[in-house]
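Structural characterization, general
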Amino acid sequence: MKHLVIAITSLLGLSIASIAGEATWLHDFEAAKKQAQEEHKQILINFTGSDWCGWCIKLDKEVFSEKEFQEFAKDRLVLMEVDFPDKKKQTAEVEAQNIKLDKDFRVEGYPTVFLIDSEGKKLTDDIGYRKGGAQAYVDHLKTLMKK
């Protein structure tokens, strides 16, 4: 039942974001890999402490929530957020998945951001926070994606 709730929530989020023209952050790793495979896209996986990590909040504000990044990502990337919040509630499944992903990817701090393939294999080193705003971040991603 909980998996059904997660799936429905993800689909509703996709529908609303598609109407708004925004890229959507998924929270289900298997769904992200499946979507990446079906759409022939790479996954941008963001390990974050969304409600307490200063650099994570700065990255979201300066890059991920900006129009330049949103427009770039919606047609080129599957976005996956692996969040470790202090105040936000998560399902037990999402918490367990995130702990496993944190360990599997050997994350040592937040934000940690990688490009990965549809099977979950790392394609880049940690991209993390970068100065220069959304367009500079997009330009860097374009360079990494050509490799």
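The structure under discussion appears in the preceding block.
Now for a look at the structure at hand. (Residues numbered from 1 in each chain as written. Predicted model: local features only at pLDDT ≥ 70, side-chain atom pairs only at ≥ 80, totals over all residues. Heavy atoms only, no water.)

A short note on the environment of Phe84
Topologically, Phe84 is positioned in the loop between strand 3 (77-83) and helix 5 (92-104). For the pair Phe84 and Asp102, spaced 18 residues apart in sequence, the C-alpha to C-alpha distance is 9.6 Å. Beyond its immediate stretch of four places on either side in the chain, Phe84 contacts Phe47, Thr48, Gly49, Trp52, Asn98, Ile99, Asp102 and Tyr110. (Helix = DSSP H or I, 4+ residues; strand = E, 2+ residues; numbered from the N terminus. Contact = heavy atoms within 4.5 Å.)

Quick notes on the nonpolar core
Leu44, Phe64, Phe69 and Leu141 are the most contacted members of the largest nonpolar core, which totals 19 residues. For this core, the elements supplying multiple residues, two or more each, are helix 3 (54-64), helix 4 (67-76), strand 3, strand 4 (112-116) and helix 6 (133-146). In terms of residues, this core owes the most to one element, helix 6, which gives five residues. Dropping the residues within four chain positions of it, Leu44 is found in contact with Trp25, Phe64, Phe69, Leu77, Val78, Leu79, Met80, Val113, Phe114, Leu115, Ile127 and Leu141. Judged by nonpolar contacts, the second largest core, of 16 residues, contains Ala36, Ile45, Met80 and Ile116. (Core = buried A, V, L, I, M, F, W, Y, C linked by side-chain atoms within 4.5 Å. Buried < 20%, exposed > 50% of the residue type's maximum accessible area, 1.4 Å probe, protein only.)

Considerations on the sheet that holds strand 4
Taken together, the four strands give an open sheet; going across it, the order is 1-3-2-4, and neighbouring strands pair in mixed fashion. Strand pairing shows two members of the sheet lacking a second neighbour, strand 1 (25-26) and strand 4, which therefore form its edges. Note: strand 2 (residues 42-48) against strand 3, seven bridges, orientation parallel. Bridge pairing links Thr48 to Asp83 in strand 3. The strands that helix 2 (residues 29-39) touches are strand 1, strand 2, strand 3 and strand 4; relative to strand 3, the one it contacts most, it runs at about 170°. Sheet strands in contact with helix 4 are strand 1, strand 2 and strand 3, and its direction is about 110° off that of strand 3. (Pairing = 2+ DSSP bridges. Axes fitted to C-alpha atoms, helices over the stretch in contact; angles between N-to-C directions.)

Observations concerning the packing of aromatic side chains
Within the structure shown, the criterion is met by eleven aromatic pairs. Between Phe47 and Phe105, the ring centres sit 5.6 Å apart and the planes meet at 55°, which makes this aromatic pair tilted. You can see Phe47 sitting in strand 2 and its partner Phe105 sitting in the loop between helix 5 and strand 4, a full 58 residues away along the chain. We note that Phe47, like Phe105, is buried. Here Phe64 and Phe69 contribute two aromatic rings whose centre-to-centre distance is 4.9 Å and whose plane-to-plane angle is 55°, an arrangement assigned as tilted. (Phe/Tyr/Trp six-rings, centres within 6.5 Å; stacked < 30°, edge-to-face > 60°.)

A closer look at the side chain of Asn98
Relative to the elements of secondary structure, Asn98 occurs in helix 5. Using a relative accessible area of 1% as the deciding quantity, one classes Asn98 as buried. Other than its neighbours up to four places away in sequence, Asn98 contacts Val82, Asp83, Phe84 and Gln90.

What about unusual backbone geometry?
Note that the residue after Tyr110, namely Pro111, is joined by a cis bond; omega there is -5°. Checked against the element boundaries, Pro111 lands in the loop between helix 5 and strand 4. The phi angle at His40 is positive, at roughly 55°, despite the residue not being glycine. Examined against the element boundaries, His40 turns out to sit in the loop between helix 2 and strand 2. We classify His40 as exposed; its relative accessible area is 74%. In this structure, Arg106 takes a positive phi of about 55° despite not being glycine. Mapped onto the elements of the fold, Arg106 is located in the loop between helix 5 and strand 4.

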